[in-house]
Amino acid sequence: PPPRPLRGRRVLITAGPTHEPIDPVRYIANRSSGKQGYAIAAAAARAGAEVALISGPVDLAAPDGVTLTRVESARDMLAAVHSALPADVAIFAAAVADWRVASEGEQKIKKGAGGPPPLQLTENPDILATISKLADGRPPLVIGFAAETENLLDNARAKLARKGCDWIVANDVSPATGVMGGDRNTVHLLMKSGESVEIDSWPVMTKDDVARALVQRIAQATEQAGEV
Ligand code: C5P
């Protein structure tokens, strides 16, 4: 039988984009496919974890053995994350929209003589930072993602400090890499270790292999930490 190193662990994962409503028929979105987050959910379930996958709108089927909650907006995603706690490990792979429309139209906005409507934006909650800084019920291992097109490691280090998470999975999403929407990923794993940061750099791999490798690292870390 396959080894089940995460048996008994609760793992929470966010994945996909969010959709931020403008009015009942329109929304703001981004190009996240959800593939990396779904691959991690599948790998964690294969490793024996109890997996809660909280997903924005994507075209992917629920992986075997995973409890899937579908959400639309960042605020829905945050609420679903709170509902899925407690967790031993929380992995924030979603591409959450930074902004939403300040006042969602209750009716479809009509074209009119006034010209295009002004869209006033307001900031969304930062789900990763919120959960990382929970005073009560913070998962013992919180992992964020950093998708960057330049200064990858510097930006990822800064993000690790700013968000208050334990690990950052940094990936280069420059258009030439084909990561966005593609099946491969080049990843650096930054792990806070006391006052310093340990970095694992992995070769280009499929998103499934990145998921497997990440789950293996998590299994090692939770084993070392003992029962959490
Ligand atoms: O700040 P930035 O969006 O680059 O941070 C990326 C990391 O933060 C990802 O792990 C993403 O899932 C998470 N995030 C979040 N909520 C937001 C914005 C980002 O959980 N509103």
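Residues numbered from 1 in each chain as written. Predicted model: local features only at pLDDT ≥ 70, side-chain atom pairs only at ≥ 80, totals over all residues. Heavy atoms only, no water.

Caption draft 1: Highlighting the nonpolar core. Within the largest apolar cluster, 37 residues are counted, with the highest numbers of intra-cluster contacts made by Ile91 and Ile218. For this core, the secondary-structure elements that each account for two or more residues are strand 1 (10-15), helix 1 (35-46), strand 4 (50-55), strand 6 (89-92), strand 9 (141-148), strand 10 (167-172), strand 12 (187-193) and helix 5 (207-225). The contact partners of Ile218, leaving out residues within four places of it in the chain, are Leu6, Val89, Ile91, Leu141, Ile143 and Trp167. Within the second largest apolar cluster, 26 residues are counted, among which are Leu12, Ala87, Phe92 and Ile168. (Core = buried A, V, L, I, M, F, W, Y, C linked by side-chain atoms within 4.5 Å. Buried < 20%, exposed > 50% of the residue type's maximum accessible area, 1.4 Å probe, protein only. Helix = DSSP H or I, 4+ residues; strand = E, 2+ residues; numbered from the N terminus. Contact = heavy atoms within 4.5 Å.)

Caption draft 2: The site of the ligand, seen in detail. Around the ligand, the neighbouring residues are Phe92, Ala94, Val96, Pro125, Asp126, Ile127, Leu128, Gly144, Phe145, Lys159 and Lys163. Measuring from an oxygen atom of the ligand, one finds a backbone N or O atom of Leu128 at 2.8 Å. Secondary structure elements with two or more residues in the shell around the ligand: helix 3 (127-132), strand 9 and helix 4 (152-163). Partitioning the shell around the ligand into residue classes produces seven nonpolar, one polar and three charged. (Near = heavy atom within 4 Å. Polar contact = N/O pair within 3.5 Å; in protein donor to acceptor, adjacent residues only side chain to side chain. Nonpolar A, V, L, I, M, F, W, Y, C, P; charged D, E, K, R; others polar.)

Caption draft 3: Molecular detail of the pattern of salt bridges. Considering all chains together, one arrives at nine salt bridges under this definition. The salt bridge involving Lys159 is made with Glu148; its shortest N-O contact spans 2.9 Å. In this pair, Lys159 sits in helix 4 while Glu148 sits in strand 9, placing the two residues eleven residues apart along the sequence. As far as the burial class goes, Lys159 and Glu148 line up, both buried. Ionic pairing is found between Asp209 and Arg212, a salt bridge with its closest N-O pair at 2.9 Å. Of this pair, Asp209 and Arg212 both sit in helix 5, three residues apart, which is roughly one turn of the helix. Among the charged side chains, a network of salt bridges with common partners joins Glu198, Asp200 and Arg217. (Salt bridge = Lys/Arg side-chain N within 4 Å of Asp/Glu carboxyl O.)

Caption draft 4: Just the sheet that holds strand 13 (residues 196-201), in detail. Overall, mixed pairing links the eight strands, which are arranged 5-4-1-6-9-10-12-13 in an open sheet. Each having just a single partner strand, strand 5 (66-70) and strand 13 make up the two edges of the open sheet. Shown here is a sheet whose adjacent strand axes are inclined to one another by a mean of 20°, direction ignored. The pairing of strand 12 with strand 13 spans six bridges and is antiparallel. Directly across from Lys192, in strand 13, lies its bridge partner Val197. Packing against the sheet, helix 5 makes contact with strand 6, strand 9, strand 10, strand 12 and strand 13, and its axis sits at approximately 165° to strand 10. (Pairing = 2+ DSSP bridges. Axes fitted to C-alpha atoms, helices over the stretch in contact; angles between N-to-C directions.)

Caption draft 5: Main features of the UniProt feature "binding site: CTP" (unreviewed entry) in the protein. Listed under "binding site: CTP" (unreviewed entry) in the UniProt record, and renumbered for this structure, are Asp98, Lys108, Pro125, Asp126, Ile127, Leu128, Phe145, Lys159 and Lys163. In terms of the greatest pairwise C-alpha distance, the residues named above, spread along 66 residues, do not form a single cluster, extending to 37.9 Å across. Here Lys108 shows up in the loop between strand 7 (99-101) and strand 8 (121-123). The class for Lys108 is partly exposed, based on a relative accessible area of 45%. (UniProt positions renumbered as here; feature names shortened; annotations may be inferred.)

Caption draft 6: Structural view of the pairing of strand 6. Every second residue of strand 6 is oriented toward a common face, with Val89 and Ile91 on one face and Ala90 and Phe92 on the other, all of them buried. Looking at chain direction, strand 1 and strand 6 are connected through four bridges and run parallel. By the bridge assignment for strand 6, Leu12 is matched with Ala90. Both strand 6 and strand 9 contribute to a ladder of four bridges, which runs parallel. Looking across to strand 9, one finds that Phe92 is bridged to Gly144.

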